[in-house]
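Geometric and topological summary
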Amino acid sequence: MKIMSIVGARPQFVKAAQVINAINKNVEHLLVHTGQHYDNLMSDIFIKELRIPEPDYNLGVGSGTHALQTSKLLISLENTMMKEKPDIIILYGDTNSTLAGALVASKLKIPIAHVEAGLRTDNILNPFPEEANRRLISQISTLHFAPTEMSKANLVASDAKGKIFVTGNTIIDSLFAISKDLNKDLFNSKSGLLITGGTGSFGSLFLKRVIESWPNIGRIVIYSRDELKQWELKEHFSEKKYP
């Protein structure tokens, strides 16, 4: 049996790491990196630190408009799948790489396994284009690996075909896998919060609720002062430390 995993953006490396490492060594597995994210901080460092095998293919599609990027993904992935003839494709999340992989596999009649299936916001424009991508992917996937019962319910409600399994969140699996390597000296008795994400991921309302719910927090680590200013949050951090 030949399995092909397709990744391309940094969250997908985190989602895929433990799945890839758990695949039976007797099964042939190919890792395809589309190159949707392509520099060291957005790609290479995740492969190294999550102990993911080096990709068998790096398609190098790069960035561009959604149409340009998706078209390049479709062509490159079709060439790769036609060459390798995998028995099943494993896709992760809801990026353009995921959507393109699903479309190509469907047209080549290759079964699709979708990890992190069933996420929904019920707003087609938020997040964009991920919400549209995930809805489309769920309609042509063969196996749906939902992280929660709610995700499963979303799939059932959308009349998704194929089999649905509630498996938990593979990002948490990766967290547990690397936790033993964390430098414990980074932590002390003070409470702290590390925020990673982008403006479109949660925005100011989320942060304000965090501050209101956890008023005695000792340290908040966030991307930059520019983002605090953009989110109109700088006044909330007057007695807190941030980069």
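It should be noted that the structure appears before, not after, this text.
First, a word on scope: everything that follows refers to the structure included in this document.

In total, this model carries one aromatic pair according to the counting rule given. Considering the side-chain rings of Phe145 and Phe165, the 5.6 Å spacing of their centres and the 25° angle between planes classify their relative orientation as stacked. Remark: Phe165 occurs in strand S7 (residues 163-166) and Phe145 occurs in strand S6 (residues 143-146); sequence separation between them is 20 residues. According to the relative accessible area criterion, Phe145 is partly exposed, its value standing at 22%.

Quick look at helix H4 (residues 96-107) now. Along its twelve residues, H4 runs 17 Å from first to last C-alpha, staying within 8% of the 16 Å computed at 1.5 Å per residue. Of all the twelve residues making up H4, nine are buried; the element is thus mostly covered by neighbouring parts of the structure. Buried residues of H4: Asn96, Ser97, Thr98, Leu99, Ala100, Gly101, Ala102, Val104 and Ala105, and no others. Looking at where H4 begins, the residue whose side-chain oxygen comes 3.2 Å from the main-chain nitrogen of Ser97 is Thr95. Two residues or fewer after H4 comes Lys109, characterised by a positive phi angle close to 60°.

Turning our eyes to something else, we now look at the pairing of strand S2 (residues 28-33). Relative to S2, strand S1 (residues 2-7) runs parallel, the two sharing six bridges. Counterpart to Ile6 in the pairing with S2 is Val32. Note: S2 against strand S3 (residues 57-58), two bridges, orientation parallel. Directly across from His33, in S3, lies its bridge partner Asn58.

With that out of the way, let us pick up the side chain of Thr70. Its place among the elements puts Thr70 in helix H3 (residues 66-84). Setting aside its immediate chain neighbours within four residues, Thr70 contacts Asn96 and Ala100.

This structure, assessed with the given rule, holds six salt bridges. Residue Glu116 pairs with Lys15 through a salt bridge whose shortest N-O separation is 2.9 Å. With Glu116 in the loop between strand S5 (112-115) and helix H5 (130-140) and Lys15 in helix H1 (residues 10-22), this residue pair connects regions lying 101 residues apart in the sequence. For the pair shown, Glu116 and Lys15 are each scored as buried.

For the rest of this paragraph, the subject is the packing of H1 against helix H7 (residues 170-179). Where H1 contacts H7, the two axes come as close as 7 Å, and the packing angle between them is 75°. In this view, H1 runs roughly perpendicular relative to H7, as classed from their interaxial angle. In contact with Val14, Lys15, Ala17, Gln18 and Val19 of H1, H7 contributes Thr170, Ile171, Asp173, Ser174 and Ala177.

We now examine the nonpolar core. Counting 19 residues, the largest nonpolar core has Met4, Ile6, Leu77, Met81 and Ile89 as its most contacted members. The dominant element in this core, judged by the number of residues it contributes, is H4, at five residues. Discounting residues that sit within four places of it in the chain, Met81 has contacts with Met4, Ile6, Pro86, Ile89, Gly101, Val104, Ala105, Leu108 and Ile110. The next biggest cluster of nonpolar side chains, apart from the first, holds 17 residues, and it includes Ala17, Ile20, Ile47 and Tyr92.

Together, Ile124, Leu125 and Phe128 make up a nonpolar patch on the protein surface, roughly 320 Å² of accessible area in all. Mapping Leu125 onto the fold places it in the loop between S5 and H5.

Asn126 connects to Pro127 through a cis peptide bond whose omega is -5°. Topologically, Pro127 is positioned in the loop between S5 and H5. Of note, the bond from Phe128 into Pro129 is cis; its omega dihedral lies within 30 degrees of zero at 5°. Mapped onto the elements, Pro129 comes out in the loop between S5 and H5. For Lys85, which is not glycine, the phi dihedral falls at a positive 50°. Mapped onto the elements, Lys85 comes out in the loop between H3 and strand S4 (88-92). A positive phi angle, close to 65°, is found at Asp122, a residue other than glycine.

Reading the values: the criteria
- Each residue is numbered by its place in its chain's sequence as written, counting from 1.
- Owing to the predicted nature of the model, reporting of local features is limited to residues with pLDDT of at least 70; listing and counting of side-chain atom pairs is limited to 80 or more, with chain, interface and lining totals taken over all residues.
- To get the side-chain values, take all heavy atoms of the structure and skip hydrogens and water.
- To pair, rings of Phe, Tyr and Trp, with the six-membered ring standing in for Trp, must have centres within 6.5 Å; the planes then decide the type, stacked if under 30 degrees apart, edge-to-face if over 60, and tilted in the middle.
- Secondary structure follows DSSP: runs of H or I at least 4 residues long count as helices, runs of E at least 2 residues long count as strands, and numbering of each begins at the N terminus.
- When a residue's accessible area, from a 1.4 Å probe over protein chains only, is under 20% of the maximum for its type it is buried; when over 50% it is exposed; and in between it is partly exposed.
- A helix's residues, less one, multiplied by 1.5 Å, set its expected span.
- By the criterion applied in these results, polar contacts are pairs of N or O atoms within 3.5 Å in which, for protein atoms, one can donate a hydrogen and the other can accept it, and in which residues neighboring in sequence qualify only through two side-chain atoms.
- Two strands make a pair as long as DSSP finds a minimum of two bridges between them.
- Whether two residues touch is decided by their heavy atoms; if any such pair falls within 4.5 Å, the residues are in contact.
- Salt bridges, as used here, are contacts in which a Lys or Arg side-chain nitrogen is within 4 Å of a carboxyl oxygen on Asp or Glu.
- Only the stretch in contact is used when fitting a helix axis, every axis being a line fitted to C-alpha atoms; angles between N-to-C directions are given from 0 to 180 degrees.
- Orientation categories follow fixed angle ranges, with anything under 35 degrees roughly parallel, anything over 145 roughly antiparallel, 65 to 115 roughly perpendicular, and all other angles oblique.
- Nine residue types can take part in a nonpolar core, namely buried Ala, Val, Leu, Ile, Met, Phe, Trp, Tyr and Cys, and a core is a set of them joined through side-chain atoms within 4.5 Å.
- A patch consists of residues whose relative accessible area exceeds 30% and which take part in no salt bridge; residues with like charges are grouped when within 9 Å of each other, and nonpolar side chains (Val, Leu, Ile, Met, Phe, Trp, Tyr) when within 5 Å.
- Only the protein chains shown count as cover for residues, and all accessible areas are computed by the Shrake-Rupley method using a 1.4 Å probe.

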